[in-house]
Amino acid sequence: DWIDASYGDFVYDLAGMDFWMPPALDLVGRFRDYYTDNGVSLPHYLERVTCYKLYLALDGLRYWAKTDNRQAYEATCAKLQGFLAFSPTGCEE
(Lines give C-alpha, C1' and ligand atoms only; values in the text may rest on other atoms or scores of the structure.)
Protein backbone atom coordinates (compact mmCIF):
# COMPACT_ATOMS: atom_id res chain seq x y z
CA ASP A 1 0.00 0.00 0.00
CA TRP A 2 1.86 3.05 -1.25
CA ILE A 3 -0.94 5.61 -0.89
CA ASP A 4 0.72 7.28 2.11
CA ALA A 5 4.31 6.87 0.95
CA SER A 6 6.35 9.98 1.60
CA TYR A 7 9.69 11.28 2.81
CA GLY A 8 10.05 11.95 6.48
CA ASP A 9 10.58 10.46 9.88
CA PHE A 10 10.54 6.65 9.78
CA VAL A 11 9.16 6.74 13.33
CA TYR A 12 5.84 7.96 11.86
CA ASP A 13 5.39 4.68 9.98
CA LEU A 14 6.51 2.69 12.98
CA ALA A 15 4.04 4.52 15.24
CA GLY A 16 1.24 3.76 12.79
CA MET A 17 2.05 0.07 12.65
CA ASP A 18 2.46 -0.15 16.40
CA PHE A 19 -0.78 1.71 17.16
CA TRP A 20 -2.99 -0.44 14.95
CA MET A 21 -1.36 -3.84 15.60
CA PRO A 22 -1.66 -6.00 18.73
CA PRO A 23 0.33 -4.56 21.66
CA ALA A 24 2.10 -7.88 22.22
CA LEU A 25 4.23 -7.21 19.12
CA ASP A 26 5.86 -4.19 20.84
CA LEU A 27 7.27 -2.82 17.61
CA VAL A 28 8.33 0.43 19.28
CA GLY A 29 10.39 -1.42 21.88
CA ARG A 30 11.86 -3.85 19.38
CA PHE A 31 12.95 -1.08 17.01
CA ARG A 32 14.39 0.95 19.91
CA ASP A 33 16.39 -2.08 21.07
CA TYR A 34 17.62 -2.85 17.55
CA TYR A 35 18.82 0.68 16.88
CA THR A 36 20.32 1.09 20.35
CA ASP A 37 22.15 -2.23 20.04
CA ASN A 38 23.59 -1.04 16.73
CA GLY A 39 24.75 2.32 18.06
CA VAL A 40 22.14 4.44 16.27
CA SER A 41 20.94 7.49 18.18
CA LEU A 42 17.18 7.99 18.41
CA PRO A 43 16.69 11.50 19.81
CA HIS A 44 13.31 12.07 21.43
CA TYR A 45 12.18 8.65 20.22
CA LEU A 46 9.31 8.06 22.65
CA GLU A 47 8.08 11.62 22.31
CA ARG A 48 8.00 11.25 18.52
CA VAL A 49 6.18 7.92 18.77
CA THR A 50 3.61 9.42 21.14
CA CYS A 51 3.04 12.45 18.93
CA TYR A 52 2.56 10.36 15.80
CA LYS A 53 0.26 7.85 17.51
CA LEU A 54 -1.95 10.66 18.77
CA TYR A 55 -2.06 12.23 15.32
CA LEU A 56 -2.90 8.92 13.65
CA ALA A 57 -5.58 8.09 16.22
CA LEU A 58 -7.23 11.49 15.81
CA ASP A 59 -7.10 11.15 12.04
CA GLY A 60 -8.70 7.71 12.35
CA LEU A 61 -11.45 9.13 14.54
CA ARG A 62 -12.04 11.86 11.96
CA TYR A 63 -12.35 9.28 9.20
CA TRP A 64 -14.67 6.97 11.13
CA ALA A 65 -16.89 9.90 12.13
CA LYS A 66 -17.02 11.15 8.54
CA THR A 67 -17.97 7.71 7.22
CA ASP A 68 -20.44 7.17 10.08
CA ASN A 69 -18.76 3.94 11.17
CA ARG A 70 -19.68 3.94 14.85
CA GLN A 71 -18.13 0.54 15.59
CA ALA A 72 -14.72 1.51 14.19
CA TYR A 73 -14.95 4.92 15.88
CA GLU A 74 -15.60 3.34 19.27
CA ALA A 75 -12.87 0.74 18.76
CA THR A 76 -10.39 3.51 17.92
CA CYS A 77 -11.51 5.51 20.98
CA ALA A 78 -10.90 2.46 23.17
CA LYS A 79 -7.48 1.91 21.61
CA LEU A 80 -6.60 5.57 22.12
CA GLN A 81 -7.74 5.51 25.74
CA GLY A 82 -5.66 2.40 26.35
CA PHE A 83 -2.65 4.08 24.78
CA LEU A 84 -3.07 7.20 26.92
CA ALA A 85 -3.45 5.14 30.07
CA PHE A 86 -0.22 3.21 29.43
CA SER A 87 1.85 5.69 27.44
CA PRO A 88 5.60 5.28 27.99
CA THR A 89 5.99 9.06 28.14
CA GLY A 90 3.59 9.41 31.05
CA CYS A 91 0.67 10.99 29.19
CA GLU A 92 -2.53 10.84 31.18
CA GLU A 93 -6.16 11.39 30.27
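Before reading on, note that the structure itself is shown above.
Here the structure is a predicted model, which is why all the values come from computation and not from measurement.

Caption draft 1: Highlighting the overall build of the protein. Per the secondary structure count, the protein includes four helices and zero strands. The N-to-C order of helical and strand elements in the protein reads α-α-α-α. A sequence separation of at least 24 residues applies to 56% of the contacts in the protein between residues at least 6 apart. As presented, the protein carries roughly 6,800 Å² of accessible surface, and 57% of it is formed by carbon and sulfur atoms.

Caption draft 2: Representation of helix α2 (residues 27-37) within the structure. Inspection of α2 places L27, V28 and G29 among the buried residues, and these make up the whole buried set. Looking at the buried positions of α2, the neighbouring elements they touch are α1 (10-20) and α3 (45-66). With its phi angle positive at about 75 degrees, G39 sits one or two positions after the end of α2.

Caption draft 3: Local environment of the pattern of salt bridges. In total, this model carries five salt bridges according to the counting rule given. For K53, the salt bridge is made with D18, and the minimal N-O distance between the two is 2.4 Å. Of this pair, K53 sits in helix α3 while D18 sits in helix α1, and the two are 35 residues apart along the sequence. Residues K53 and D18 agree in their burial class; the two are buried.

Caption draft 4: A look at the environment of D9. In this fold, D9 is placed in the segment before α1. For D9, a relative accessible area of 24% translates into the label partly exposed. Looking at D9, its side chain comes within polar contact range of the main-chain nitrogen of V11, at 3.0 Å.

Caption draft 5: Geometry of unusual backbone geometry. A positive phi angle is found at D26, which is not glycine, with a value near 45 degrees. Position of D26 among the secondary structure elements: in the loop between α1 and α2. Residue classification places D26 among the partly exposed positions, given a relative accessible area of 41%.

Caption draft 6: Main features of the packing of aromatic side chains. Across all of its chains, the model carries eight aromatic pairs by this definition. Consider the rings of Y12 and Y55, whose centres lie 6.3 Å apart with planes at 50 degrees: the pair is tilted. You can see Y12 sitting in helix α1 and its partner Y55 sitting in helix α3, a full 43 residues away along the chain. Grouping aromatic residues by their ring pairs yields a cluster made of F10, F31, Y34 and Y35. Taking NZ or CZ as reference, K79 lies 5.9 Å from the ring centre of F19, over its face.

Conventions and cut-offs
Residues numbered from 1 in each chain as written. Predicted model: local features only at pLDDT ≥ 70, side-chain atom pairs only at ≥ 80, totals over all residues. Heavy atoms only, no water. Helix = DSSP H or I, 4+ residues; strand = E, 2+ residues; numbered from the N terminus. Contact = heavy atoms within 4.5 Å. Areas by Shrake-Rupley, 256 points an atom, 1.4 Å probe, with all protein chains shown as cover. Buried < 20%, exposed > 50% of the residue type's maximum accessible area, 1.4 Å probe, protein only. Salt bridge = Lys/Arg side-chain N within 4 Å of Asp/Glu carboxyl O. Polar contact = N/O pair within 3.5 Å; in protein donor to acceptor, adjacent residues only side chain to side chain. Phe/Tyr/Trp six-rings, centres within 6.5 Å; stacked < 30°, edge-to-face > 60°. Lys NZ or Arg CZ within 6 Å of the ring centre and 35° of its normal.

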